[in-house]
Amino acid sequence: LVVLDSKNKVVRSTHESGHNAASHVKNMEHNGEHLVLQGVENSRGWDIAINSTTGRMSASGVGDDVSFLIHGTCTAL
């Protein structure tokens, strides 16, 4: 589960192990139909783009030894 706290500019996640993590959003910008978030965590950069109309989102993380891409759909809580 990943939760965006846009007011406090924090992305929080809960892992299956029960470990909770939080990452500060360095940049948050509305661009057309998309909300774009950017940040840095553990020497890796990350980006999330959320379509404000459909809720569809894509996220990526990159670092020296790892990169990943995630697709999903966001819902309001």
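A brief report on the enclosed structure follows. Quick caveat: nothing in here was measured; it's all calculated off a predicted structure.

**Describing the overall build of the protein chain**
When helices and strands are counted, the protein chain shows zero helices and eight strands. When its helices and strands are written in sequence order, the protein chain yields β-β-β-β-β-β-β-β. Across its three principal directions, the C-alpha atoms of the protein chain cover 35 × 25 × 25 Å. Every one of the 77 residues in the protein chain was classed for burial, and the buried ones make up 22%. Considering only intrachain contacts with a sequence separation of at least 6, the fraction spanning at least 24 residues in the protein chain is 5%.

**Things to note about the pattern of salt bridges**
Applying the stated criterion across every chain yields a total of one salt bridge. For the salt bridge of Arg12 with Asp5, the shortest nitrogen-to-oxygen distance reads 3.8 Å. With relative accessibility at 40%, the residue Arg12 sits in the partly exposed group.

**Overview of the side chain of Ser13**
Secondary-structure assignment places Ser13 in strand β2 (residues 10–14). Residue classification places Ser13 among the buried residues on the basis of a relative accessible area of 18%.

**A few points about the sheet that holds strand β1 (residues 2–5)**
Pairing within the open sheet is antiparallel, and its three strands lie in the order β1-β2-β3. The open sheet has two edge strands, β1 and β3 (20–24), and neither has a second partner. The mean inter-strand angle of the sheet, taken between neighbouring strand axes irrespective of direction, is 20 degrees. As judged from the five bridges shared by β2 and β3, these two strands associate in the antiparallel manner. Residue Ser13 lies in a different strand from β3, and its bridge partner there is Ala21.

**Some points on unusual backbone geometry**
At Asn42, a position not held by glycine, the phi torsion is positive, near 50 degrees. Mapping Asn42 onto the fold places it in the loop between β5 (34–41) and β6 (44–51). With a phi angle near 60 degrees, Ser43 is a residue other than glycine that sits in the positive phi range. Along the chain, Ser43 falls in the loop between β5 and β6. We classify Ser43 as exposed; its relative accessible area is 73%.

Cut-offs applied
- Residues numbered from 1 in each chain as written.
- Predicted model: local features only at pLDDT ≥ 70, side-chain atom pairs only at ≥ 80, totals over all residues.
- Heavy atoms only, no water.
- Helix = DSSP H or I, 4+ residues; strand = E, 2+ residues; numbered from the N terminus.
- Buried < 20%, exposed > 50% of the residue type's maximum accessible area, 1.4 Å probe, protein only.
- Contact = heavy atoms within 4.5 Å.
- Salt bridge = Lys/Arg side-chain N within 4 Å of Asp/Glu carboxyl O.
- Pairing = 2+ DSSP bridges.
- Axes fitted to C-alpha atoms, helices over the stretch in contact; angles between N-to-C directions.

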